[in-house]
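Each chain, letter by letter, is given below.
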Amino acid sequence: MAATLRLLHRRHGWNKVAITGIIAFFLGFGAYSQAVSQGTPPPSWFLFIVIVLAALAIVGIVAYVVDAARLRRRPPAVRAQAAQLFTHQPSQSRLHHYPPRHRLIWALRWLGMLLILGVAVLSVPAVFDGVAYLAGAGSKVTFDPTSYQTDCYVRGGCTTATDGIMEIGGAWVDATWPDVVPLDKPFQIRAPVWRWGLGEALISSDVIAVVAILVSLLMEAGGVLVVITMVRLARNWRRHRQQPTAPAFARSP
């Protein structure tokens, strides 16, 4: 009975790992796709984060399926009794609970949550740049097209952008224009207001600006949820640290 109950809790935990990984993957992949559609793929380390998130989701799904198969091999009466106890027993599998019941599952879920927070932070400049573009803010700079690059996707289809150099503060930096333009014919563009993270991508139209804002705000909403969960975890951790001192106060006259 006890082993079946532990298996139920563990399956429940792996289910949450899979959900966290899937949500984090789609947020990261959405950010990556949005940057690629603008003609400026994020650096390779950002793609590595997306791959890690996909691996986290796969690990959670596989572990959930394995535990579910092990549960099905238990006698039906034992499963039913364990399920009844499971519904009335606190699982302590929430991210803000401390100490956790299953440390590995808890740590993997927090890995996914921290990666969500990282993606959310990287997306903040894209909101500023999108709003600035729609408002007509930002300085005009010269973009000199030098070559073309074509990116193809696993799901099919390819996009071609124009690589070149952009004059920023008297210096020339590498940049990518999301459209195909004639080479060696410099033209004026609006420079990003905040050239960091996903804000390094150039914006060429109002549609791209709106998409950048909406996708980035979605990722930042996920980051806010992570911060709230971190605050609740810190409170529970502090409460757990203070528990041993409670009996001493109780014995005082």
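Above this text is the structure in question.
Conventions adopted
- Residues numbered from 1 in each chain as written.
- Predicted model: local features only at pLDDT ≥ 70, side-chain atom pairs only at ≥ 80, totals over all residues.
- Heavy atoms only, no water.
- Patch = residues over 30% accessible without salt bridge, like charges linked within 9 Å, V, L, I, M, F, W, Y side chains within 5 Å.
- Areas by Shrake-Rupley, 256 points an atom, 1.4 Å probe, with all protein chains shown as cover.
- Salt bridge = Lys/Arg side-chain N within 4 Å of Asp/Glu carboxyl O.
- Helix = DSSP H or I, 4+ residues; strand = E, 2+ residues; numbered from the N terminus.
- Pairing = 2+ DSSP bridges.
- Axes fitted to C-alpha atoms, helices over the stretch in contact; angles between N-to-C directions.
- Buried < 20%, exposed > 50% of the residue type's maximum accessible area, 1.4 Å probe, protein only.
- Expected span 1.5 Å × (residues − 1).
- Bend = angle between axes of the 7 residues up to and from the residue.
- Lys, Arg positive; Asp, Glu negative; His and termini not counted.
- Charge placed at Lys NZ, Arg CZ, Asp CG, Glu CD.
- Phe/Tyr/Trp six-rings, centres within 6.5 Å; stacked < 30°, edge-to-face > 60°.
- Lys NZ or Arg CZ within 6 Å of the ring centre and 35° of its normal.

Novice: Got a minute to help me understand a nonpolar patch on the surface in this structure?
Specialist: On the surface, Ile22, Phe26, Ile61, Tyr64 and Val65 cluster together into a nonpolar patch covering about 430 Å² of accessible area. Where the nonpolar patch is concerned, the elements lending two or more residues are helix 1 (2–37) and helix 2 (44–72). The biggest single contributor to the nonpolar patch is helix 2, with 3 residues. Counting through the fold element by element, Phe26 comes out in helix 1.

Novice: Whenever I open this one, the sheet that holds strand 3 (residues 171–177) confuses me. Can you help?
Specialist: Note: strands within a sheet are paired through backbone hydrogen bonds, in either parallel or antiparallel orientation. Strand order across the open sheet formed by 4 strands is 3-2-1-4, with antiparallel pairing between neighbours. A single partner strand is all that each edge strand has here, and the edge strands are strand 3 and strand 4 (187–190). Taken over all neighbouring pairs, the strand axes of this sheet differ in orientation by 45° on average, direction set aside. Of the strand pairs in this sheet, strand 1 (residues 140–152) and strand 4 are connected by 4 bridges, and their pairing is antiparallel. Within strand 4, the position partnered with Thr142 by the bridge is Gln188.

Novice: Even after reading the chapter, I still don't get unusual backbone geometry, so can you show me in this structure?
Specialist: As a rule of thumb, non-glycine residues mostly have phi less than zero, and peptide bonds are mostly trans rather than cis. Phi at Asp184 is positive, roughly 60°, even though this residue is not glycine. Tracing the backbone through its elements, the reader meets Asp184 in the loop between strand 3 and strand 4.

Novice: Please explain the pattern of salt bridges as it appears in this structure.
Specialist: Opposite charge on two side chains lets them pair, provided their charged atoms get close. A full pass over the atoms with the stated rule returns 1 salt bridge. Where Arg10 meets Asp67, a salt bridge forms, and the shortest distance between an N and an O atom there is 3.1 Å. You can see Arg10 sitting in helix 1 and its partner Asp67 sitting in helix 2, a full 57 residues away along the chain. Asp67 gets classed as buried once you look at its relative accessible area, which sits at 4%.

Novice: Honestly, helix 4 (residues 103–135) in this entry has me stumped. Any pointers?
Specialist: Since the α-helix packs 3.6 residues into each turn, any two residues three or four apart lie on the same face. With 33 residues, helix 4 should cover 48 Å at 1.5 Å per step; its first-to-last C-alpha distance of 48 Å lies within 8% of that length. Roughly 30° is the biggest bend found in helix 4, and it falls at Leu122, with proline Pro125 one to four residues downstream.

Novice: Help me understand a positive patch on the surface, please; the structure alone is not making it clear to me.
Specialist: Taken together, Arg70, Arg72, Arg73 and Arg79 make up a surface patch of like positive charges. The topology assignment puts Arg70 in helix 2. For Arg70, a relative accessible area of 33% corresponds to the partly exposed category.

Novice: Would you explain the packing of aromatic side chains in this entry?
Specialist: Any two aromatic rings considered together are summarised by their centre-to-centre distance and by the angle between their planes. Inspection of every chain in the model, using the stated rule, returns 8 aromatic pairs. Seen from their ring centres, Phe25 and Phe26 are 5.5 Å apart, and the 65° between their planes marks the pair as edge-to-face. Look at Phe25 and you get partly exposed, because its relative accessible area is 23%. Plain terms: the ring middles of Phe128 and Trp194 are 5.3 Å apart, the flat faces sit at 75° to each other, and that makes the pair edge-to-face. With Phe128 in helix 4 and Trp194 in the loop between strand 4 and helix 5 (206–242), the pair connects residues that are 66 residues apart, well separated along the chain. According to the relative accessible area criterion, Phe128 is partly exposed, its value standing at 48%. The class for Trp194 is partly exposed, based on a relative accessible area of 37%. An aromatic cluster is built from Phe25, Phe26 and Phe29, whose rings are joined through pairwise contacts. In this structure, Arg190 is placed above the aromatic ring of Tyr133, and the distance from its NZ or CZ to the ring centre is 4.8 Å.

By themselves, these figures tell us nothing about what the structure is for.
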